[in-house]
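# Coordinate analysis (summary)
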Amino acid sequence: MEITIDLESQTPLFSQLIEQIKLLVVDEQLTSGMALPSIRQLANDLELNNKTVAKAYQLLERDSVLQMKGYRGTFVHPDAKKNCGVDLNKWLKETLGETVSVLRAAGLTDAEIRIGFQDVLNSKKY
Amino acid sequence: MLRSELVFKMFSIAKNIKEEIMIDNILFLLVFLGQILFGSYFIPQKILMRMAQVCKKYPPEKYPKLYPESIDHYYRGQRRYKVMNEVVLGIGLVILGMVIHYDFSNKENISEAIPVIYFFIQFVPLVLLEISEFSYFKKMRNADTRSSKTANLQPRSLFNFVSPILVLFAGILILTYIGLDIYVNKDIHQFTFDWHDKTVIRISNIVVVNLIFAGIIYWNIYGKKLDPYQASVDRNKSIAITVKSLVSMSVFVSLFLIFWESTDDLGLDKYQPVFISLYLIAIIFISTGARLKSLKLEENNFEVYKGEAS
């Protein structure tokens with residue numbers, strides 16, 4: 001069961017890792033509870049930076065495709081196959097799109113929306 | 001009659017003493033000769049034969065990725081290794097001659113440092129070969145201009161490559177030796193930690209040696225792939241052989257040191273040089289000989305080295 005990344009591709013390396021792991025889950029080559037290599041092992045084998053692999057694993061954990069259990073290792077989430085279909089980035093764009101439509105309908109300019117968005121991101125309140 | 005009997009008895013005693021000295025010395029000569037030939041002739045010959053076999057079966061015309069440098073560079077390296085071992089073999093035979101001449105004519109006990117010092121000399125060509133191998137793999141990685149990288153998603157851990165029982169046994173033996181050394185050589189109630197103390201030095205040595213083994217094992221399992229083309233199956237095989245070899249060496253070192261502690265009490269101290277030399281032969285076998293035996297060329301995937309050179 002191998003994973004291949006293309007160093008010259010336009011797609012970021014961590015995205016390639018995420019896509020390939022999700023594909024293996026969907027194809028049932030990676031099944032619930034299976035262990036994955038450690039960040040260090042995969043980074044060394046693919047000659048990548050540890051942070052690249054760590055980012056891919058963290059995003060897969062956020063999407064409930066993987067479970068990182070500290071020193072015990074990283075495992076495929078019990079609901080990984082179901083969660084592989086969930087695309088958080090697509091949902092983000094749809095939600096933001098609806099919000100921007102509402103704000104424009106209220107008469108706000110794009111510059112005001114942009115400043116307001118930046119302020120919300122920088123605020124500790126949210 | 002009485003006088004002649006007395007003379008005869010004294011002559012017999014002297015002859016027995018001389019024979020007794022000769023037996024352990026002769027035994028050492030034989031074993032040390034074995035160490036010289038095994039470590040500086042037999043094993044290097046096997047390594048050189050393996051190198052020649054690779055060049056013959058997998059030539060650069062068909063397997064260019066295996067040769068980041070010209071084949072002549074490879075042949076020069078082989079010749080250097082061969083000459084170095086011939087020199088070390090010569091040194092060994094000279095030392096043997098000096099032992100025969102000096103120790104026998106002076107009826108001295110042979111120093112156990114002789115086989116140890118020679119062992120370090122014997123390992124020099126092998127260490128240099130390992131260093132050149134690192135440089136060789138680095139050149140292969142630099143020559144590898146493939147834009148895609150592949151990795152196996154199977155996690156690797158220590159117990160994938162060696163039995164947990166063997167590792168546990170190695171750990172128990174280390175602790176047994178440490179406990180035995182303190183028990184035999186020190187009054188446990190008066191034991192104080194002092195870096196100049198021989199017991200502390202011996203214990204530190206065995207701990208450091210095992211930590212080095214552990215470091216090498218860790219690096220083999222989790223470190224970067226040296227050969228960029230090596231198939232994962234072959235890499236795992238190589239890791240397994242290395243890990244088992246190092247854990248076996250740890251077991252053997254501890255067993256030997258435990259035995260060594262008892263040689264004085266068993267009256268075997270005059271055979272200590274023999275035991276040291278036998279021990280070193282075993283170390284050479286476990287570290288290098290077993291690896292050569294286990295890693296069969298025909299079981300490796302050399303197809304990965306085919307194609308156009310990068």
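Scoring rules and cut-offs
Each residue is numbered by its place in its chain's sequence as written, counting from 1. Here every chain gets a letter starting at A, and every ligand a number starting at 1, in the order they are written. The model is predicted, so local features are restricted to residues of pLDDT at least 70 and side-chain atom pairs to those at 80 or more, both for listing and for counting; the totals for chains, interfaces and linings are taken over all residues. Hydrogens are left out, water is left out, and the side-chain values use all remaining heavy atoms of the structure. Helix and strand assignments come from DSSP, with helices taken as H or I runs of at least 4 residues and strands as E runs of at least 2, each series counted from the N terminus. Each radius of gyration reported is based on C-alpha atoms, and the globular scaling rule is 2.2 Å times the count of residues to the power 0.38. The buried label applies to any residue whose accessible area, calculated with a 1.4 Å probe on protein chains only, is under 20% of its type's maximum; exposed applies above 50%, and partly exposed to all values in between. Residues are treated as being in contact if the distance between any of their heavy atoms lies within 4.5 Å. Each accessible area is a Shrake-Rupley result for a 1.4 Å probe, and residues are judged covered by the shown protein chains and nothing else. Fitted lines through C-alpha atoms give the axes, limited to the stretch in contact for helices. The angle between two N-to-C directions lies from 0 to 180 degrees. The labels follow the angle: roughly parallel below 35 degrees, roughly antiparallel above 145, roughly perpendicular from 65 to 115, and oblique for the rest. Three classes are used, and their members are as follows: Ala, Val, Leu, Ile, Met, Phe, Trp, Tyr, Cys and Pro are nonpolar, Asp, Glu, Lys and Arg are charged, and the others, Gly among them, are polar. Two parts placed together each lose some accessible area; with a 1.4 Å probe, that loss summed over both constitutes the buried area. Every case where a carboxyl oxygen of Asp or Glu lies within 4 Å of a side-chain nitrogen of Lys or Arg is listed as a salt bridge. DSSP calls a pair of strands paired once it identifies at least 2 bridges connecting them. Per the annotation, domain bounds derive from an automatic or database assignment of domains. Contacts described as polar in this section are N or O atom pairs within 3.5 Å, which, within protein, must combine one atom able to donate a hydrogen with one able to accept it, while residues neighboring in sequence count only if both atoms come from side chains.

## With respect to the overall build of chain A
Broken down by element type, chain A carries 6 helices and 4 strands. Each helix and strand of chain A, ordered N terminal to C terminal, gives the series β-α-β-α-α-β-β-α-α-α. For chain A, whose C-alpha radius of gyration is 18 Å, the value lies well above the compact-globule estimate of 14 Å for 126 residues. Expressed as a percentage of the 126 residues in chain A, the buried residues total 30%. In chain A, 45% of the contacts between residues at least 6 apart in sequence involve partners at least 24 apart. Element-wise, carbon and sulfur atoms account for 53% of the exposed surface of chain A, whose accessible area totals about 8200 Å².

## Some points on the packing of helix H4 (residues 164–185) of chain B against helix H5 (residues 198–222) of chain B
All names here are of chain B. Two numbers describe how H4 lies on H5: the axes approach to 10 Å, and their chain directions differ by 175 degrees. By the angle between their directions, the pair H4 and H5 is classed as roughly antiparallel. For the pair H4 and H5, contact is made by Ile174, Tyr177, Ile178, Asp181, Ile182 and Asn185 and by Thr199, Arg202, Ile203, Ile206, Val207 and Asn210, respectively. Of the residues in the contact of H4 with H5, the class split is 7 nonpolar, 3 polar and 2 charged.

## Focus: the environment of Pro273(B)
All names here are of chain B. Take proline 273: it is sitting in helix H7 (residues 272–294). Classification of proline 273 by relative accessible area gives buried; the value is 5%. Along the chain, proline 273 and leucine 29 lie 244 residues apart, while their C-alpha atoms are 9.7 Å from each other. Here proline 273 is in contact with Phe28, Ile110, Ser111, Glu112 and Pro115, once residues within four sequence places are set aside.

## Things to note about the side chain of Ser277(B)
Tracing the chain through its elements places Ser277(B) in helix H7. Apart from the residues within four sequence positions on either side, Ser277(B) is in contact with Phe28(B), Val31(B), Phe32(B), Gln35(B) and Pro115(B).

## Topic: the interface of chain B and chain A
Contacts between chain B and chain A engage 17 residues on the former and 21 residues on the latter. Summed over both partners, the interface of chain B with chain A comes to about 1900 Å²; 52% of that surface belongs to carbon and sulfur atoms. Among the residues chain B hides against chain A, the three largest losses belong to Ser147(B), Lys149(B) and Leu153(B). Together they make up 39% of the total. The interface formed by chain B and chain A includes 3 salt bridges. Among the salt bridges present, the one from Glu47(A) reaches Lys149(B), with a minimum N-O distance of 3.8 Å. Every element with two or more residues in the side of chain B that touches chain A is listed here: strand E1 (148–152), H5 and helix H6 (232–263) of chain B.

## Side note on the sheet that holds strand E4 (residues 74–76) of chain A
Residues and elements named next belong to chain A. An order of E2-E4-E3 is seen for the 3 strands of this open sheet, with the pairing classed as antiparallel. Each end of this open sheet is capped by a strand with a single partner; those strands are strand E2 (35–36) and strand E3 (66–68). Note that E2 and E4 share 2 bridges and pair antiparallel. Within E4, the residue paired with alanine 35 across the bridge is phenylalanine 75. With respect to the sheet, helix H3 (residues 50–62) is in contact with E2, E3 and E4, its orientation differing from that of E3 by roughly 115 degrees.

## Structural notes on the domain arrangement of chain B
All names here are of chain B. By the assigned domains, chain B splits into domain 1 (19–142) and domain 2 (157–266). In this structure, domain 1 and domain 2 have C-alpha centres spaced 24 Å apart. Domain 1 puts 6 residues into the contact, and the matching count from domain 2 is 7 residues. Taking both partners together, domain 1 and domain 2 bury about 640 Å²; carbon and sulfur atoms supply 76% of that area. Sorting the residues of domain 1 by area buried against domain 2 places Phe137, Met140 and Arg141 first, and these three jointly supply 58% of that buried surface. Linking domain 1 with domain 2 are 1 residue pair in polar contact (both at pLDDT 80 or more), by the criterion used here. Here the residues of the side of domain 1 that touches domain 2 are counted per class, giving 3 nonpolar, no polar and 3 charged.

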